[in-house]
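# Coordinate analysis (summary)
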Amino acid sequence: EEVRQYLKTPTFDNWQWEDAEIMVLLQVMYTDLDFIATFNIESDVLQRFLFEVYRRYNNIPFHNFKHCFCVTQMMYGLIWLTDLRSRMDSIDLLIMLTSAVCHDLDHTGYNNAYQINARTELALRYNDISPLENHHCAVAFEILEKTESNIFRNLSMDQYKRIREGIIKCILATDMTRHNDILNKFKSLLPAFDFTNKDHKDVLMMILIKVSDISNEARPMEVAEPWLDCLLQEFYNQSDVEKLEGLPVTPFMDRDKVTKPSSQTGFIRFVLLPLFIELANLFPCLEVIPVNSIQKMEKALEREKQNRAQSENGAKSKETTVGTQSTAESHAEAGPDTSKPDTQ
Ligand SMILES: Nc1nc2c(ncn2[C@@H]2O[C@@H]3COP(=O)(O)O[C@H]3[C@H]2O)c(=O)[nH]1
Ligand SMILES: [Zn+2]
C-alpha cells in the first residue's frame, strides 16, 4: 500500500527496482487507474503485453526499459497530481499511459539526425520523417496486433480507432524537432483552455507525454543524476560512431565539446523549464514540486559549471559555453532549421 501511494508521486526512485518488479508496478498503474475494470483487460493479456514491450526495449544506456518506466511513471504521477481523472475520459488517460509505455520501443541508441545522415533502414522506410518515432509507434501496434498481447481486444472498433489515433499522435509528438511548434500551440490555447474541446485535449496530451519524456531533471537529484550519465553515454557513443563513419557530428553529443553541467543547464533552462512553466499555468499545483526541484537542480549545476570554469583555463570555459547553447538549440530545435523534418 505504501509503494502504491509512492508510485503516484514524481519523487519515485526507479533505481530501487528490478525489471521484474517494474513490470508489476506497471500493472499496478493500469489497475489503480481502473483501466482493468473499465476496459475489461484480462490480467494475462496485460502481462503478455508488458512482457512484449519489455522484450522490445534494447539494452542501451538511456532509451531502455527503465526509461520507458520512468516516463510512464511520470505520466502516471501527473495524472494523479493534476487530478486529470476528473477532467478527461478514461480512454484519454489509457491513451496517455499506453503511449508512454510504448514511446521509445526498439530505440537503437542513435537519434533521428544519425538515422537520416547514415541513411539507415528506418530513415529510408519513413522518408526521413521522424523515423524513430514512426518506428516506436509501428512496433507498438505490432505488439497490439497479436490477440494474446492486445490489451484493447475487448474494446469496440470505434474505441480502438480512437485509441490508435491518440497513441500515434502522442508518440509522434515526442520528436523534439516539433518541440517549439507543439509548445507554441499549447501557449496559444492556454488563455481559453477548454477540456471539452478535442483539439485542446489533443495538444495537452502531447504536452504531457513530452513533459514526461524529458522529466528526469524534475526528479530528486539522486534519481536524476545517474540518468544524465546514461544519456551522455549514449550521446558520446553516437558522436564517436559519427566520427568513425565520417558523418556530421551532432554538436550536443560531442565528448570534446559537451560536459555534464554544460549539457544540463542549457537543456533545463531552454527546454525543460519553459515546458513545465506553461503546464503549470494550466495546473498551478505543479509549481510546488517539479518546477521547484528543477530550479534547484539548475542552480546546483550552474554552481558546478562555475567551479569548473574557475579551475580550468579560459579557453576551456569558452568551449563549455558553446556546448550549452548548442544543447538547448539542438534539443528544442529553436532556430528556423528547415533541414530538420518538421512534419505530421
Ligand atoms: N541534456 C539533456 N537532454 C535531455 C534530457 N532528457 C532528455 N533529453 C533530450 O531530450 C530528448 C527527448 O527525446 P529523445 O528521447 O529522442 O532524446 C532526448 C534527449 O536528447 C536531459 O536530462 N538532459
Ligand atoms: Zn523517451
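Residues numbered from 1 in each chain as written. Chains lettered and ligands numbered in written order. Predicted model: local features only at pLDDT ≥ 70, side-chain atom pairs only at ≥ 80, totals over all residues. Heavy atoms only, no water.

Looking at an unreviewed UniProt entry, one finds the protein chain named High affinity cGMP-specific 3',5'-cyclic phosphodiesterase 9A, with Anabas testudineus as its source organism. Its UniProt record gives the protein chain the following Catalytic activity (unreviewed entry) comment, quoted word for word: "3',5'-cyclic GMP + H2O = GMP + H(+)". (UniProt positions renumbered as here; feature names shortened; annotations may be inferred.)

### Here's the deal with the state of the cysteines
Going through the model one piece at a time under the given rule, you end up with zero disulfides. The cysteine C102 is free of any disulfide, with C68 supplying the nearest cysteine sulfur at 7.6 Å. For C102, a relative accessible area of 0% corresponds to the buried category. This cysteine, C170, is not joined by any disulfide, and C137 carries the nearest cysteine sulfur, 9.5 Å off. (Disulfide = S-S within 2.5 Å. Buried < 20%, exposed > 50% of the residue type's maximum accessible area, 1.4 Å probe, protein only.)

### Notes on the pattern of salt bridges
Evaluated as defined, the whole model comprises 22 salt bridges. Where E165 meets K169, a salt bridge forms, and the shortest distance between an N and an O atom there is 3.0 Å. Taken as a pair, E165 and K169 lie in helix α10 (residues 157–172) at a separation of four residues, close to a single helical turn. With a relative accessible area of 37%, E165 lands in the partly exposed category. For K198, the salt bridge identified is with E165, shortest N-O distance 3.1 Å. One end of the pair, K198, is in helix α12 (residues 198–213); the other, E165, is in helix α10, with 33 residues separating them in the sequence. In the salt-bridge network here, residues are joined through shared partners; they are R48, E52, R55 and K146. (Salt bridge = Lys/Arg side-chain N within 4 Å of Asp/Glu carboxyl O. Helix = DSSP H or I, 4+ residues; strand = E, 2+ residues; numbered from the N terminus.)

### Focus on helix α4 (residues 43–55)
In this model α4 runs 18 Å from its N-terminal to its C-terminal C-alpha over 13 residues, within 8% of the 18 Å that 1.5 Å per residue would give. Residues of α4 that are buried: V45, L46, F49, L50, E52 and V53. In an axial view of α4, the angular spread of the buried residues amounts to 160°, which keeps them on one side of the axis. Projecting away from the buried face of α4 at angles above 90 degrees are the exposed residues D44 and R55. (Expected span 1.5 Å × (residues − 1). Arc of directions from axis to C-beta.)

### Some details on helix α5 (residues 65–81)
Side chains of residues three or four places apart in an α-helix project in the same direction, reflecting 3.6 residues per turn. Helix length check: α5, at 17 residues, gives a terminal C-alpha distance of 24 Å against a target of 24 Å (1.5 Å per residue), a fit within 8%. For α5, the N-terminal capping position is held by N64, with its side-chain oxygen 3.1 Å away from the main-chain nitrogen of K66. Just downstream of α5, D83 is the residue with a positive phi angle, here 50°. (Polar contact = N/O pair within 3.5 Å; in protein donor to acceptor, adjacent residues only side chain to side chain.)

### Observations concerning the coordination of the zinc ion (ligand 2)
Surrounding the zinc ion (ligand 2) are the protein donor atoms H67 (NE2), H103 (NE2), D104 (OD) and D213 (OD), which sit 2.1 Å from the metal. Its four donor atoms give the zinc ion (ligand 2) angles of 84 to 172° at the centre, a pattern that matches the irregular case. The sequence pattern describing where the donors of the zinc ion (ligand 2) fall on their chain is H-x35-H-D-x108-D. Here the residue D104 occupies a position in the loop between α6 (90–102) and α7 (112–117), and D213 occupies one in helix α12, the gap between them amounting to 109 residues. Its relative accessible area of 5% is what places D104 among the buried residues. (Donors = N, O, S within 2.8 Å, 3.2 Å for Na, K, Ca; no water. Tetrahedral: all angles 85-135°; square planar, octahedral: opposite > 155°, others 65-115°.)

### Points about the packing of helix α13 (residues 221–245) against helix α14 (residues 260–282)
Where α13 contacts α14, the axes come no closer than 11 Å and their chain directions differ by 105°. Accordingly, the angle class assigned to the pair α13 and α14 is roughly perpendicular. Listed contacts from α14 to E225, L228, D229 and L232 of α13 are K260, S263 and Q264. Looking at the contact of α13 with α14 residue by residue, the class counts come to two nonpolar, two polar and three charged. (Axes fitted to C-alpha atoms, helices over the stretch in contact; angles between N-to-C directions. Parallel < 35°, antiparallel > 145°, perpendicular 65-115°, else oblique. Contact = heavy atoms within 4.5 Å. Nonpolar A, V, L, I, M, F, W, Y, C, P; charged D, E, K, R; others polar.)

### Concerning the side chain of D106
Here D106 shows up in the loop between α6 and α7. Although buried, D106 forms no salt bridge, and the nearest oppositely charged side chain, R56, lies 4.1 Å from it. Those residues in contact with D106 that lie beyond four places of it in its chain are R56, Y57, N58, H135 and V139. (Lys, Arg positive; Asp, Glu negative; His and termini not counted.)

### Structural notes on the environment of E18
Relative to the elements of secondary structure, E18 occurs in the loop between α1 (2–6) and α2 (19–32). In this structure, the C-alpha to C-alpha distance between E18 and K257, residues 239 residues apart in sequence, is 34 Å.

### Brief notes about empty space enclosed by the protein
For the coordinates displayed, the defined rule picks out one cavity of 30 Å³ or more. One number sums up the size of the largest cavity: a volume of about 30 Å³. G166, K169, C170, D202, M205 and M206 are the residues that line the largest cavity. Looking at the lining of the largest cavity, the elements that each hand over two or more residues are α10 and α12. A per-class count over the lining of the largest cavity returns three nonpolar, one polar and two charged. (1 Å grid on protein atoms, 1.4 Å probe; cavity = no way out; pocket = protein on both sides within 12 Å on 5 of 7 lines; lining within 4 Å. Points joined across faces, edges and corners; volume = space filled by probe spheres on them.)

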